[in-house]
Amino acid sequence: MDKLRSMEIFVAVVDAGNFTAAASRFNLSPVMVGKHIAQLEATLGTRLLTRTTRRQSLTEIGAQYADQCRAILMQIEAAERGAEAMRSVPRGRLRVTASTSFGNEWLAPALTDYLRLHPEVSVDLNLNDRTVDLVDEGYDAAIRIGALDDSGMIARPLQPYKMAICASPGYLRQHGTPHTPQELAQHECLDFVVGDIGVSWRLQSVHGKRALPPSRFRANNGQALRMAALKDFGIVMQAEVLLAQDIAAGRLVPILNEYLPPPRTMHVVYPRDRRATPKLTTFIDFILERLGPAAPLPLASSRKRTTLTAP
């Protein structure tokens, strides 16, 4: 027998004063009610009720057990009400992860708009350039760029992730403008690193990876490379949206556009859950509205932009 149901029936018997009334409440026979009580007593190894032909009374242990059963059943009811409430309107803590540059440049500013729309939701944003295990690490959703593994997650496509190669006007005046990938060997190429390994640029004119000359400025963060480019030190290849405001303002100049690597796919990814909470479903809808394939291209001026870290 279900122990929680037996506890419910026991409390009903205590409150009603007899088996018949409790049986009517649960649409059971008095005999079945008696079996539930007997099962509890067998499990506990003691009597809970003392019955005579005229009345029933609680034993000392039965009275204490009835109070504890009431407390447990009230906690369960409160938990169920809370769960139901969380599924009626968006509320609770939403845990999201994304790459560092994407999170800094687009997701963090966009999330402030989402939070204004849903005042009962709070957000924990984790920016990390590794692939986070959503289930094991307890995240609700992730923005991922590039090929997806067969993780059993739901993946909704977003706008493609594009790259840009840029240098400052000052750098180009001093060192000239390269017109082919081969000419990059004569320039300072700002190098993105993962750990201690440089990420070679993948250009359209070259099959596979193109190894660049050793860089005198290496960083594991796209913003750091952007700042070095703005200081006239070298040529940077990073996400187009990371550099969009600088391009629009003339602080950086796009070069080698015809050799750019193909855009990569981008998805919002979340675990399979047939009863997803409103906080998750509204977040997915929000991301798709802003960055879905049919959405207007994000504008740099409004900071509705997307980036990734490594070229």
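An unreviewed UniProt entry lists the chain under the name LysR family transcriptional regulator, with Duganella levis as the source organism. Check the Sequence similarities (unreviewed entry) section of the UniProt entry for the chain; it says "Belongs to the LysR transcriptional regulatory family."

### Some words on the overall build of the chain
Scanning the chain from terminus to terminus reveals ten helices and 13 strands. Counting across all 311 residues of the chain, residues that qualify as buried make up 43%. In the chain, once contacts between residues fewer than 6 apart in sequence are set aside, the share between residues at least 24 apart is 73%. Of the roughly 16800 Å² that the chain leaves accessible, carbon and sulfur atoms contribute 51%.

### Here's the deal with the pairing of strand β13 (residues 266–270)
For β13, the tally of buried residues reaches five of five residues, placing the bulk of the element in the interior. Burial along β13 is two-sided: the face carrying M266, V268 and Y270 and the face carrying H267 and V269 are both buried. Bridge analysis of strand β5 (residues 141–145) against β13 gives four bridges, and the strand direction is antiparallel. From the neighbouring strand, I145 faces β13, where its bridge partner is M266.

### Points about the sheet that holds strand β4 (residues 121–127)
Across the sheet, which stays open at both edges, the five strands sit in the order β4-β3-β5-β13-β6 with mixed pairing between neighbours. Two strands lie at the open edges of the sheet, namely β4 and β6 (154–157), each paired on one side alone. Pairs of neighbouring strands in the sheet enclose a mean axial angle of 25°, with direction left out of account. Against the sheet, helix α5 (residues 100–117) makes contact with β3 (92–98), β4, β5 and β13, and its axis sits at roughly 175° relative to β4, the strand it touches most. Along the sheet, helix α10 (residues 278–291) contacts β3, β4, β5, β6 and β13; its crossing angle with β13, the most-contacted strand, is approximately 175°.

### Observations concerning the pairing of β5
Most of β5 is tucked away, with five of its five residues classed as buried. Burial along β5 is two-sided: the face carrying A141, I143 and I145 and the face carrying A142 and R144 are both buried. Relative to β5, β3 is paired through two bridges, and the arrangement is parallel. When the sheet's bridge partners are listed, T97 is paired in β5 with A142.

### Considering the packing of aromatic side chains
Geometrically, a pair of aromatic rings is defined through the distance of the ring centres and the angle of the planes. The full count for this structure, using the stated rule, is five aromatic pairs. Between F10 and Y65 the ring centres are 5.7 Å apart and the planes differ by 40°, which places this aromatic pair in the tilted class. Here Y65 lies in helix α4 (residues 60–86) and F10 lies in helix α1 (residues 3–16), a separation of 55 residues in the sequence. A ring pair is formed by Y114 and F286, whose centres lie 5.6 Å apart and whose planes are at 65°; its orientation type is edge-to-face. Of the two residues, Y114 is situated in helix α5 and F286 in helix α10; the sequence distance between them amounts to 172 residues. In this structure Y114 comes out as buried when scored by relative accessible area, which is 0%. By way of ring pairs, the aromatic residues Y114, F283 and F286 are connected into one cluster.

Scoring rules and cut-offs
- Residues numbered from 1 in each chain as written.
- Predicted model: local features only at pLDDT ≥ 70, side-chain atom pairs only at ≥ 80, totals over all residues.
- Heavy atoms only, no water.
- UniProt positions renumbered as here; feature names shortened; annotations may be inferred.
- Helix = DSSP H or I, 4+ residues; strand = E, 2+ residues; numbered from the N terminus.
- Buried < 20%, exposed > 50% of the residue type's maximum accessible area, 1.4 Å probe, protein only.
- Contact = heavy atoms within 4.5 Å.
- Areas by Shrake-Rupley, 256 points an atom, 1.4 Å probe, with all protein chains shown as cover.
- Pairing = 2+ DSSP bridges.
- Axes fitted to C-alpha atoms, helices over the stretch in contact; angles between N-to-C directions.
- Phe/Tyr/Trp six-rings, centres within 6.5 Å; stacked < 30°, edge-to-face > 60°.

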